[in-house]
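Here are the chains, one letter per residue:
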Amino acid sequence: MNIQDYAIRLSQYRTQEGYTFDCQTMSGDVEVLQIEMNEVEGFPVFLTQTNNQIICIVYLWSEDEIKQEKRLEMLEMMLDTSISIPLSAYARVGNRFVLYGALSVASSLDKVVEEIVTLNENAIDVITAMEEFLD
Amino acid sequence: MNILKKIMTAIRGGTRELGESIVDSQGTRIFEQEIEDAKESLKNAKGDLTQVMAKEMQATRKVESMQKEIEKHEGFVSDALAKGEEKLALEIAGKVAEIEQEKALQVEAQLSYAKHIDKLKSMMEKAERQLKDYERQLTMVKTTENVQKATATITDNFGSTDSTLLSAKESLERIREKQQDFDDRNLAAEKLDNETNGKDLSDKMKDVGIGEIESGAQAVLDRLKAKNAKGKPA
């Protein structure tokens, strides 16, 4: 499936919990899909595809939003907690901290949906838990 | 070539600006070429392997059929001897010897092919491992490039003025608002529930003394008296 296919199929999807999705494609050097979960006030999830991976990303915060004196503590806490967070992991892209999940490009739609939902829910937890490190 | 090390070098060198390739595209292209070459070699090796396997099977079949011929002719020798045909028996025995020699050659060939097959398989496994590793490393490069470019696409789309979607503060506010909204709506839903079930209203009526109230004996009596009075013919 390509990004367009995902846009269509996700828009038609309804999870067991009743979650539905709104999708918007963005074009640039690479195609990106912006996914909003309708029943959850969390984050837009951005989906992109490489040769053999699907990557779902949530942008948490930038370097300049971090309390400088607490930065090292924050970084260590991220490392310490990364493994506890189901399916998702922390990363830094440029100067932005993200939470992301990666799947094989051959994954079923169900698995991709699970990734998106979990990622969004995780991100909500992360940002509320890490608030103390942010300005 | 340790790609991850190259990525680390590039990061240290400050080429983490969005939109810039983490590993120079020249390097990536060479890498991709190496992968293509490796795949081509594997394809050829598989072709060779198929051929040698076919030859090995042929040799095995020949060995088997020759063995049958040998056994058949050995039988003839016995028959000839039984009939006292010494000279004939010798001739047939000669034939057996011939076939045995040919068989020996085929067995040698078969063993040689089998050895070749093992060698080819082992080479191919090594090549597959190498290829898999190249592809894994290429994935690292492609993923890094892709995520950088995707991030650039996203931040461009949101611009510098409308970066609220990517700001932590805004996200927290939004989440809190929604949670408050959610709580408010729960409260309202409860209230509505009470109203539509008539609970709210029935409480009000009860206070004033009307509606489905628990009847005391007097109330029942009064009610029935009133009913009887109504029912009396004029």
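Structure first, text after, so check above.
Chemist: Can you walk me through the overall build of chain B in this structure?
Modeler: A tally of regular secondary structure across chain B gives six helices and zero strands. In chain B, the order of α-helices and β-strands from amino to carboxyl end is α-α-α-α-α-α. By the burial criterion, 9% of the 234 residues in chain B qualify as buried. Sequence-distant contacts in chain B: of pairs separated by 6 or more residues, those separated by 24 or more amount to 75%.

Chemist: Looking at this structure, how should I read the overall build of chain A?
Modeler: Along the backbone of chain A there are three helices and six strands. Seen in sequence order, chain A has helices and strands lined up from the N terminus as α-β-β-β-β-α-β-β-α. The C-alpha extent of chain A, read off along each of the three principal axes, is 45 × 35 × 25 Å. Considering chain A as a whole, with its 135 residues, one finds that 32% of them fall into the buried category. The long-range fraction of contacts in chain A, counting pairs at least 24 apart against all pairs at least 6 apart in sequence, stands at 55%.

Chemist: Would you mind going over the environment of B:Glu85 with me for this structure?
Modeler: Examined against the element boundaries, B:Glu85 turns out to sit in the loop between helix H2 (25-82) and helix H3 (86-158). For B:Glu85, a count of 14 C-beta atoms within 10 Å corresponds to the partly exposed category.

Chemist: Can you walk me through the environment of A:Val105 in this structure?
Modeler: Residue and element names in this part refer to chain A. Along the chain, the position of Val105 falls in the loop between strand S6 (96-104) and helix H3 (109-129). Its 12 C-beta neighbours within 10 Å are what place Val105 among the exposed residues. In sequence terms Val105 and Thr50 are 55 residues apart; their C-alpha atoms lie 7.9 Å from each other. Other than its neighbours up to four places away in sequence, Val105 contacts Gln49, Asn52, Gln53 and Ile54.

Chemist: Explain the interface of chain A and chain B here, please?
Modeler: Residue-level contacts link 28 residues of chain A with 25 residues of chain B. Mapped by element, the contributors of at least two residues to the side of chain A that touches chain B are strand S3 (45-49), strand S4 (53-62) and H3 of chain A. With five residues, the single largest contributor to the side of chain A that touches chain B is S4(A).

Chemist: What am I meant to see in the nonpolar core here?
Modeler: The tendency in soluble globular proteins is for nonpolar side chains to be buried side by side. Judged by nonpolar contacts, the single largest core of 38 residues is most densely connected at A:Val45, A:Leu47, A:Cys56, A:Val58, A:Leu60 and A:Ala123. At the level of secondary structure, the elements contributing two or more residues to this core comprise helix H1 (3-11), strand S1 (21-26), strand S2 (32-37), S3, S4, S6 and H3 of chain A together with H3 of chain B. Broken down by element, the residue count for this core peaks at eight residues, all from S4(A). For A:Leu60, the contacting residues outside a window of four places in its chain are A:Phe97, A:Val98, A:Leu99, A:Ala123, A:Val126, A:Ile127 and B:Ala168.

Chemist: Looking at this model, I keep getting lost on H3(A). Mind explaining?
Modeler: Structurally, the α-helix is built with 3.6 residues per turn, so residues lying three or four positions apart point the same way. Taking 1.5 Å of rise per residue, 21 residues should cover 30 Å, and H3(A) covers 30 Å from first to last C-alpha, within 8% of that figure. As for H3(A), its buried residues are in contact with S2, S3, S4 and S6 of chain A together with helix H4 (168-196) of chain B.

Chemist: I'm lost on the sheet that holds S2(A) in this one. Help?
Modeler: Pairing between the strands of a sheet comes from backbone hydrogen bonds, and it takes one of two forms, parallel or antiparallel. Residue and element names in this part refer to chain A. Taking strand neighbours across the sheet as the criterion, the six strands line up as S1-S2-S3-S4-S6-S5 in an open arrangement whose pairing is antiparallel. Of all the strands in the sheet, the pair left with one neighbour each is S1 and strand S5 (89-93). Here the strands of the sheet are splayed against their neighbours by 35° on average, with no regard to which way each runs. Judged from the six bridges that link them, S1 and S2 form a sheet pairing that is antiparallel. Within S2, the position partnered with Asp22 by the bridge is Glu36.

Chemist: What should I look at first to understand the packing of H3(A) against H4(B) in this one?
Modeler: Packed helices, taken two at a time, are described by the angle their axes make and the gap between the axes. Two numbers describe how H3(A) lies on H4(B): the axes approach to 10 Å, and their chain directions differ by 110°. Put simply, H3(A) runs roughly perpendicular to H4(B). Residue-level inspection shows A:Ile124, A:Ile127 and A:Thr128 of H3(A) in contact with H4(B), the latter providing B:Ala168, B:Ser171, B:Leu172 and B:Ile175. Of the residues that constitute the contact of H3(A) with H4(B), the class distribution is five nonpolar, two polar and no charged.

The rules we used
Residues numbered from 1 in each chain as written. Chains lettered and ligands numbered in written order. Predicted model: local features only at pLDDT ≥ 70, side-chain atom pairs only at ≥ 80, totals over all residues. Helix = DSSP H or I, 4+ residues; strand = E, 2+ residues; numbered from the N terminus. Buried ≥ 20, exposed ≤ 12 C-beta atoms within 10 Å, placed from the backbone. Contact = placed C-beta atoms within 7 Å. Core = buried A, V, L, I, M, F, W, Y, C linked by C-beta atoms within 7 Å. Expected span 1.5 Å × (residues − 1). Pairing = 2+ DSSP bridges. Axes fitted to C-alpha atoms, helices over the stretch in contact; angles between N-to-C directions. Parallel < 35°, antiparallel > 145°, perpendicular 65-115°, else oblique. Nonpolar A, V, L, I, M, F, W, Y, C, P; charged D, E, K, R; others polar.

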